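What follows is the residue order along each chain.
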Amino acid sequence: MTIPRFLLATLLVTVSFTAGRLSVGTDVVNAQGGSKPTVVKRIYSGTDGLSHVEDLPLSANQILEKVTSVEVRVSPPRRFSDWHVGPQRQYIINLSGSGQLEVAEGKVDLPPGSMEYIDDLTGKGHTTRVTSKEERVSIWLKFDDQKQRIGPLNPKPTTSKP
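My aim in this report is to walk through the structure given alongside it, one point at a time.

Basis of the calculations
Residues numbered from 1 in each chain as written. Predicted model: local features only at pLDDT ≥ 70, side-chain atom pairs only at ≥ 80, totals over all residues. Heavy atoms only, no water. Pairing = 2+ DSSP bridges. Helix = DSSP H or I, 4+ residues; strand = E, 2+ residues; numbered from the N terminus. Axes fitted to C-alpha atoms, helices over the stretch in contact; angles between N-to-C directions. Core = buried A, V, L, I, M, F, W, Y, C linked by side-chain atoms within 4.5 Å. Buried < 20%, exposed > 50% of the residue type's maximum accessible area, 1.4 Å probe, protein only. Contact = heavy atoms within 4.5 Å. Phe/Tyr/Trp six-rings, centres within 6.5 Å; stacked < 30°, edge-to-face > 60°.

Focus: the sheet that holds strand 3 (residues 67–75)
The strand order across the open sheet built from six strands is 2-1-8-5-10-3, with neighbouring strands paired in mixed fashion. Among the strands making up the open sheet, the edge pair consists of strand 2 (51–57) and strand 3. Direction aside, neighbouring strands of the sheet carry axes that sit 25° apart on average. Pairing geometry for strand 5 (residues 90–96) and strand 8 (residues 115–119), over four bridges, is antiparallel. The residue of strand 8 that forms the bridge with Q90 is I118.

Remarks on the nonpolar core
If you look at the biggest cluster of nonpolar residues, it comprises 10 residues: V40, L56, V67, Y91, I93, M115, Y117, I139, L141 and F143. If you list the elements that add at least two residues to this core, you get strand 5, strand 8 and strand 10 (136–143). When residues of this core are assigned to their parent elements, the largest contribution, three residues, is made by strand 10. Non-local contacts of F143, meaning those with residues more than four positions away in its chain, are made with E65, K66, V67, T68, R89, Q90, Y91 and Y117. One finds I43, V108, I118 and W140 within the second-largest nonpolar core, a separate group that totals eight residues.

Some words on the packing of aromatic side chains
Taken as a whole, this structure holds three aromatic pairs when the rule is applied. Residues Y91 and Y117 carry aromatic rings whose centres are separated by 5.7 Å and whose planes lie at 75° to one another, so their mutual orientation is edge-to-face. On the criterion of sequence distance, the pair formed by Y91 in strand 5 and Y117 in strand 8 is long-range, its members being 26 residues apart. Here Y91 and F143 contribute two aromatic rings whose centre-to-centre distance is 4.7 Å and whose plane-to-plane angle is 75°, an arrangement assigned as edge-to-face. Placement of the pair is Y91 in strand 5 and F143 in strand 10, with a sequence separation of 52 residues. Taken individually, Y91 and F143 each receive the classification buried, so the pair is uniform in this respect. By the ring-pair criterion, three or more aromatic residues cluster together here, those being Y91, Y117 and F143.

Honestly, it's all geometry; don't read function into it.
Shown next as structure tokens:
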């Protein structure tokens, strides 16, 4: 099944904002003092053979991928998967329950409403853990294009020292 680009973009934005707003209390919102841009956590393989994370702003022009299948996944509380690579290039949208990945930079929290862009198909991989007491429910959106991108999509600008 192929999902049109516009429909996919609308789905990603709607699910992300809706799930995120349902899980955030007013005290947290008030404490933030302003809204942060919605980001996707991209998990990718580096040239060092390790998995890394980068935050990508949610933008249909930058990270939109053609999706060929959609699955709903339910993981039990406290489930742990040791070091593994992603099974395929895909988005994962977390609807309920909390998760956590571990990559080279450390632990990456995945609250309800968060989105992942899995692109670490080679190397050491990452660990995955359900950190909530309730099930973690997520939607997996498999990409049509399974050609892995090594390294960050948005490399940090380098500055020369005087």
